[in-house]
Amino acid sequence: MADSCNDAHKGGREGRRLPPTLVLLAILLLGLALRLYQLGEQSLWYDEFISLSQTSQPDLLSCLRAERPANPDMVHAYFTLQYFWANWIGDSVISVRLMSILFGVLAIALIYLLARDLFGPSGGAVAALCLALSSVHIYQAQEIRYYSLTTLMALCTAYTFLRVVRGGKWHWWVLNALANVTLVWTHLFGCFLLVAYGVFLIIFRWRRVRMCAVWFCVNLVLMLPSLAWISSIQRVPMPVPPPPLSHLVSTCIVDCGSRTFHPYPFQGGEWVNMPPEWTRWFTETYPQADVALLGCFVIAALFLVFSTVRQARQNERVPARPREAIEAFCLPLFITFMPALTVFALTRVWRPDCLAQKYTTYCSLGVYLLTGGAVAAMRWRTARIVAVCLLVALYGHRFVLYGTQTQRTDWVSATQFIENNARDDAVVISFNFAQAPVCAYHMEGSGIPVVMTPYFRHLCEKTEAALDDSKDVWTVSLTVDTPIMERYEMYLDARGISRSRWAWWAAELPDLVVHRLEPPPGFRAADI
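Residues numbered from 1 in each chain as written. Predicted model: local features only at pLDDT ≥ 70, side-chain atom pairs only at ≥ 80, totals over all residues. Heavy atoms only, no water.

Chemist: Please provide a residue-by-residue account of the packing of aromatic side chains, values included.
Modeler: Counted according to the given criterion, the structure contains 27 aromatic pairs. Centroid distance W281 to F282: 5.0 Å. Interplanar angle 85°. Geometry classified as edge-to-face. Judged by relative accessible area, which is 18%, F282 ranks as buried. Put simply, the rings of F161, Y197, F200, F204, W215, F216 and F334 pair up and form one aromatic cluster. Stacked on the ring of Y286, the Lys or Arg R398 has its end atom at 4.9 Å from the ring centre. Lying over the aromatic face of F456, R487 brings its terminal NZ or CZ to 3.9 Å of the ring centre. (Phe/Tyr/Trp six-rings, centres within 6.5 Å; stacked < 30°, edge-to-face > 60°. Buried < 20%, exposed > 50% of the residue type's maximum accessible area, 1.4 Å probe, protein only. Lys NZ or Arg CZ within 6 Å of the ring centre and 35° of its normal.)

Chemist: Pulling in residues and values, what's your account of the pairing of strand β1 (residues 426-430)?
Modeler: With respect to burial, β1 is a largely interior element, five of its five residues being buried. Burial along β1 is two-sided: the residues A426, V428 and S430 and V427 and I429 are all buried. Taken together, the five bridges between β1 and strand β3 (residues 472-478) define a ladder with parallel strand orientation. Within β3, the residue paired with S430 across the bridge is V476. Judged from the three bridges that link them, β1 and strand β2 (residues 450-452) form a sheet pairing that is parallel. Each residue of the ladder has a partner; that of I429, found in β2, is V451. (Helix = DSSP H or I, 4+ residues; strand = E, 2+ residues; numbered from the N terminus. Pairing = 2+ DSSP bridges.)

Chemist: Go over the packing of helix α9 (residues 147-165) against helix α11 (residues 191-204), please, and point to the residues and values.
Modeler: Two elements in contact, α9 and α11, have axes whose closest approach is 11 Å; the angle formed by their N-to-C orientations is 15°. As far as their axial angle goes, α11 and α9 are roughly parallel. Where α9 crosses over α11, the handedness of that crossing is right-handed. Of the residues in α11, those touching α9 at A154, T157, A158, F161 and V165 are L193, Y197, F200 and L201. Class assignment for the residues of the contact of α9 with α11 results in eight nonpolar, one polar and no charged. (Axes fitted to C-alpha atoms, helices over the stretch in contact; angles between N-to-C directions. Parallel < 35°, antiparallel > 145°, perpendicular 65-115°, else oblique. Left-handed = near helix turned anticlockwise from the far one by under 90°. Contact = heavy atoms within 4.5 Å. Nonpolar A, V, L, I, M, F, W, Y, C, P; charged D, E, K, R; others polar.)

Chemist: Explain the side chain of D47 to me, using residue names and the numbers behind them.
Modeler: Structurally, the position occupied by D47 is in helix α3 (residues 46-52). Apart from the residues within four sequence positions on either side, D47 is in contact with R145 and K358.

Chemist: Describe the nonpolar core, listing the residues and the values that go with them.
Modeler: Formed by 134 residues in total, the largest nonpolar core has its most connected members in I111, Y197, Y368 and I418. For this core, the leading source of residues is helix α6 (residues 93-119), giving 15 residues. Residues in contact with I111, not counting those within four places in the same chain, are A127, A128, L131, L155, L365, Y368 and L369. Among the nonpolar cores identified, the runner-up in size contains 21 residues, and L459, M485, Y488 and V513 belong to it. (Core = buried A, V, L, I, M, F, W, Y, C linked by side-chain atoms within 4.5 Å.)

Chemist: How would you sum up the environment of T409? Please name residues and give values.
Modeler: Tracing the sequence through the fold places T409 in the loop between α18 (381-404) and α19 (411-421). The class for T409 is buried, based on a relative accessible area of 4%. Along the primary structure T409 and L512 are separated by 103 residues, whereas in three dimensions their C-alpha atoms are 6.4 Å apart. Beyond its immediate stretch of four places on either side in the chain, T409 contacts S43, L478, A506, L509, P510 and L512. A polar atom in the side chain of T409 sits 2.8 Å from the backbone oxygen of P510. (Polar contact = N/O pair within 3.5 Å; in protein donor to acceptor, adjacent residues only side chain to side chain.)

Chemist: For the pattern of salt bridges, give the residues involved together with the corresponding values.
Modeler: Counted according to the given criterion, the structure contains 16 salt bridges. R398 serves as the salt-bridge partner of D290, at 2.5 Å between the closest nitrogen and oxygen. Note that D290 is positioned in helix α15 (residues 286-314) and R398 in helix α18, a separation of 108 residues in sequence. On the accessibility criterion, D290 (5% relative accessible area) is buried. Taking the relative accessible area as the measure of exposure, R398 reaches 3% and is therefore buried. Here R351 makes a salt bridge to D353, at a shortest N to O gap of 2.8 Å. For the residue pair R351 and D353, the accessibility class agrees, reading buried in each case. Look at the salt bridges and you will find they share partners, linking E48, R97, E143 and R408 into a network. (Salt bridge = Lys/Arg side-chain N within 4 Å of Asp/Glu carboxyl O.)

The values reported here are purely geometric and, on their own, carry no functional implication.
In structure tokens:
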């Protein structure tokens, strides 16, 4: 087996080891702690709101029907689990986020088992550590969306598939089929992971025609309902150009995403939620750390290639061992690149907007497996310790930014600011019709009404009416509303309305801007 290929050859150089179970438990506790960190301080943003808002429906079918208008490309697995969790465990934001955290922690345990079967206990520990420390996976594990479950189910498919191709009994075939179906019904882009498995079978099991035929036929039949569901989706593609080839890097290796990094602007005093000054160095060195982490992953993959070739030559007299070593390398490699390459090809022939990092986050699992295999293949314990310390340092660099900077649109801080400073007759006007319910959710209990404005003219009319009634008028907008904000600023200037401005920054989502309007003396409403 591959674990003996990587771990047993070290012999007496090892010294005393910690029990693998103890190591896994420590990594699980670390992953859990990082995912629970500041959980209650994370604002509910729009995508989470539309997921959570339907859990009060009287039955599951009503919930799923109500979800679809806001999630036209949704599938049912996650929303079904979320409905029962919210109604049986609790429907608070923290409670439902705990379900995603549960999926995230289970994924850490499962990637350990998968990497252990491929590369031995050392490889399992390193792969699990990478997943536990990844700020991208921490972010998704704290979110009321299906991405954390998608990662877990992707690992379920990979683990059961490995058992199948290694001659597992019939129950592994059943579990693999169930895992594949559940993955696709959690996120439709899970089907692209099956492409990686199909390529693996064609390359390494082409002589076993019956086995390949059964696997392909079973999964094709099981995917037919999802194909029918896809055909019912009505969604207009976003008018964007096809992504460049360079975007594949951050799609395959989600932890290396300086292309999408939104650096915190320390200069100036515009932002209310300024992070600590001591984090400035981490922000300024993020691109360099990004390149360093990418370099570690590339070097790990190249070293694993060298180690695999070396093992193949050393075990030429036992044909099964070189083949297992090559398969143990190629399976994670296919998981890393095949889904992303397939989606990238679809951006050229189908929809240019379908390549998004969050849709195929499971590609990063292949990177963690390869990294675990490379560390496990190192002959000297000191080298393995240095490699692990380097990974921890680079991931720690990222977590400093994740833990000290606001990740989601900071509705909690902004609405609390309005509540603390508004008069009793205050009214909040939301620029964005879709975001108004999110604003109202965070201001629930304050007694301050939130006015929705679907059109620019409606926005101006509501402003005129509120100021004419001498109300304390606040406006809330996102940075994605910049075009309408510019027109609104021109309108305010033309009407002589002054305003105070505050802004809350977010690393992953749009920033939030709040204005408090001050009309001129003797203001009277005008026809718009």
